[in-house]
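Each chain, letter by letter, is given below.
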Amino acid sequence: MIETNVSKHHESILEVIQSYYQLTKPRIIPLLLITTAGSMWIAAKGQVDPILLLVTLTGGTLAAASAQTINCVYDRDIDYDMERTRHRPLPSGKVQPRDALVFALALAVASFSLLTVFANLLAAGLAMSGIVFYVLVYTHLLKRHSTQNIVIGGAAGAIPALVGWAAVTGTLSWAAWIIFAIVFLWTPPHFWALALMIRDDYAKVGIPMLPVIVGEKPTVQQIWIYTLVTVVTTQLLVYPLHVSGIFYAAIALMLGGLFIYKAWQLLQNPEDRSLAKGLFLYSISYMMLLCLAMVVDSLPLTHYAINAVANQLHSLVS
Ligand code: HEM
Ligand SMILES: CC(C)=CCC/C(C)=C/CC/C(C)=C/COP(=O)(O)OP(=O)(O)O
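Bear in mind the structure is a predicted one, so any value in this text is a computation, not a measurement.

(A) How the structure looks around the packing of helix α2 (residues 29-43) against helix α3 (residues 50-74). Axis separation between α2 and α3 bottoms out at 10 Å; the angle between their running directions is 145°. Pair α2 / α3 crosses with right-handed handedness. Contacts from I29, L32, L33, T36, A37, M40 and W41 of α2 reach α3 at L52, L53, T56, L57, G60, T61, A64 and A65. Its residues placed into classes, the contact of α2 with α3 shows 11 nonpolar, 4 polar and no charged.

So this is what it looks like as structure tokens:
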């Protein structure tokens, strides 16, 4: 009897923890952290202090979790009406809105303190501005009112790249803004590909996502343009900025080529949902591998290997 009660108690604690965990929309956070890491490695020229890395990624996680939790509180009405989001902790009644807000505040305070003490005030301030931008500009001002919601709101998702750069250098340089721009420009193809697949859900609750308002063809045209501009922007780190080298340039071109190819296929068949799904899934691998290439390219070992190969080639030719 006692045993049953104890195990029930444990089960409910676990359920509560799981509900709070779900409030943070945890599946998106790793990719935000990968962009932060890519930025940190370039900023540190391949030699990142492991403690600073840990602190920055933890602070970034706490800030993103806070932002997502507040978004869950704000959007609990429409989340209840959409099939995809109905089972989230607030619409399903597992967590009370007030408790979720206290949780979000605690996460934000923890993030700000950690980043201020162990990184710097600029990194901490940027993380907080990410929360404010995502909640105020995207969730409150734009999401329900403009077809440009995710274009402008997408800036919030690009802020972690600035946080990473700031944590390492204490300032923001051109390169930091280029990495910001890469994530910013990548967001419309990433999200609109998904929105093409689930536009009926958004239409049902009156969210003016681009495919709901203008239809498939103009949406895929926009996706096409943003994809091209994203791929061109990735090369600015190589030229004129010279912060990344030949390894990154080659990988970014290959990944970009495939991104363009998939966007082109969709441009030819705007109503094909499996192509939209393919582009959405690829957009995630694309960003992950692109940031990984930034990291590998920045490592001293990579410079060493590329110089060795270049010297070999040189001696073969001469
Ligand atoms: C305003 C900007 C953005 C919007 C509106 C958006 C929206 C979405 C939505 C609705 C999903 C589906 C999630 C679900 O099924 O619950 C998704 C998935 C995802 N997003 Fe975004 N996204 C944005 C920006 C970003 C950014 C900046 C990143 C990271 C750099 C990102 C990373 C991901 C990942 C990794 C997934 C897949 C999650 C999974 O495995 O289910 N997103 N996004
Ligand atoms: C530095 C810092 C704290 C940055 C925060 C950035 C952040 C949390 C970006 C997330 C972007 C995102 C996945 C939006 C989901 O849209 P949605 O909420 O409209 O999706 P839904 O339809 O699933 O609710």
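(B) Looking closely at the nonpolar core. W192, L237, Y248 and M294 are the most contacted members of the largest nonpolar core, which has 78 residues in total. With 16 residues, helix α8 (residues 174-197) is the single largest residue contributor to this core. Sequence-distant contacts of W192, defined by excluding residues within four places in its chain, comprise T147, I150, V151, L210, P211, T219, Q222, I223 and Y226. Core analysis: the second largest hydrophobic core is formed by 8 residues, A37, W41, L52 and V295 among them.

(C) Representation of the site of ligand 1 in the model. Neighbouring ligand 1 are 18 residues; R27, T187, H190, F191 and L194 lie closest to it. Contributions of two or more residues to the shell around ligand 1 are made by α2, α7 (149-169), α8 and α13 (273-298). If you tally residues by element for the shell around ligand 1, the top one is α8, at 5 residues. Its residues assigned to classes, the shell around ligand 1 shows 11 nonpolar, 4 polar and 3 charged.

(D) Highlighting the side chain of D297. As for its placement among the helices and strands, D297 is situated in helix α13. At a separation of 2.9 Å, a polar atom in the side chain of D297 contacts the main-chain amide nitrogen of Y248. Apart from residues no more than four positions distant in its own chain, D297 is found in contact with S244, G245, I246, F247, Y248, T302 and H303.

(E) Region of the structure containing the pattern of salt bridges. Tallied over the entire structure, the rule returns 6 salt bridges. The salt bridge partner of R144 is D75, with a shortest N-O separation of 3.0 Å. Note that R144 is positioned in the loop between α6 (121-142) and α7 and D75 in the loop between α3 and α4 (76-81), a separation of 69 residues in sequence. Residue classification places R144 among the partly exposed residues on the basis of a relative accessible area of 24%. Under the relative-accessibility criterion, D75 is labelled buried at 1%. For E83, the salt bridge is made with R86, and the minimal N-O distance between the two is 3.5 Å. Given a relative accessible area of 47%, E83 falls into the partly exposed group.

(F) Focus on the UniProt feature "transmembrane region" (unreviewed entry) in the protein. If you check UniProt for "transmembrane region" (unreviewed entry), the listed places come out as residues 28-44, 50-74, 121-138, 150-168, 174-198, 219-239, 245-267 and 279-296 in our numbering. Summarising residues 219-239: 76% helix, 0% strand, and an end-to-end C-alpha distance of 31 Å. The span residues 245-267 is 96% helical and 0% strand by assignment, and the distance between its end C-alpha atoms comes to 32 Å.

(G) Inspection of the site of ligand 2 at higher detail. If you check the shell around ligand 2, you find 19 residues, and the closest are K25, R84, R88, Y134 and Y138. In this structure, K143 approaches ligand 2 through a side-chain N or O atom, which is 2.8 Å from an oxygen atom. Within the complex, 88% of the 640 Å² of free accessible area of ligand 2 lies under protein. In terms of residue count, the dominant contributor to the shell around ligand 2 is α6 (5 residues). Residues belonging to the shell around ligand 2 are distributed by class as follows: 11 nonpolar, 4 polar and 4 charged.

(H) Region of interest: helix α12 (residues 246-268). Between its terminal C-alpha atoms α12 stretches 33 Å, which fits the 33 Å expected from 23 residues at 1.5 Å a residue. Where α12 is concerned, the buried positions are Y248, A249, A252, L255, G256, F259, A263, L266 and L267. Tucked into the core, α12 has its buried residues touching α8, α11 (216-234) and α13.

(I) Representation of the side chain of T219 in the model. Within the secondary structure, T219 sits in helix α11. Each residue touching T219, except ones within four places of it in the same chain, is listed here: W192, L196, L210, P211 and V214.

Scoring rules and cut-offs
Residues numbered from 1 in each chain as written. Chains lettered and ligands numbered in written order. Predicted model: local features only at pLDDT ≥ 70, side-chain atom pairs only at ≥ 80, totals over all residues. Heavy atoms only, no water. Axes fitted to C-alpha atoms, helices over the stretch in contact; angles between N-to-C directions. Helix = DSSP H or I, 4+ residues; strand = E, 2+ residues; numbered from the N terminus. Left-handed = near helix turned anticlockwise from the far one by under 90°. Contact = heavy atoms within 4.5 Å. Nonpolar A, V, L, I, M, F, W, Y, C, P; charged D, E, K, R; others polar. Core = buried A, V, L, I, M, F, W, Y, C linked by side-chain atoms within 4.5 Å. Buried < 20%, exposed > 50% of the residue type's maximum accessible area, 1.4 Å probe, protein only. Near = heavy atom within 4 Å. Polar contact = N/O pair within 3.5 Å; in protein donor to acceptor, adjacent residues only side chain to side chain. Salt bridge = Lys/Arg side-chain N within 4 Å of Asp/Glu carboxyl O. UniProt positions renumbered as here; feature names shortened; annotations may be inferred. Areas by Shrake-Rupley, 256 points an atom, 1.4 Å probe, with all protein chains shown as cover. Expected span 1.5 Å × (residues − 1).

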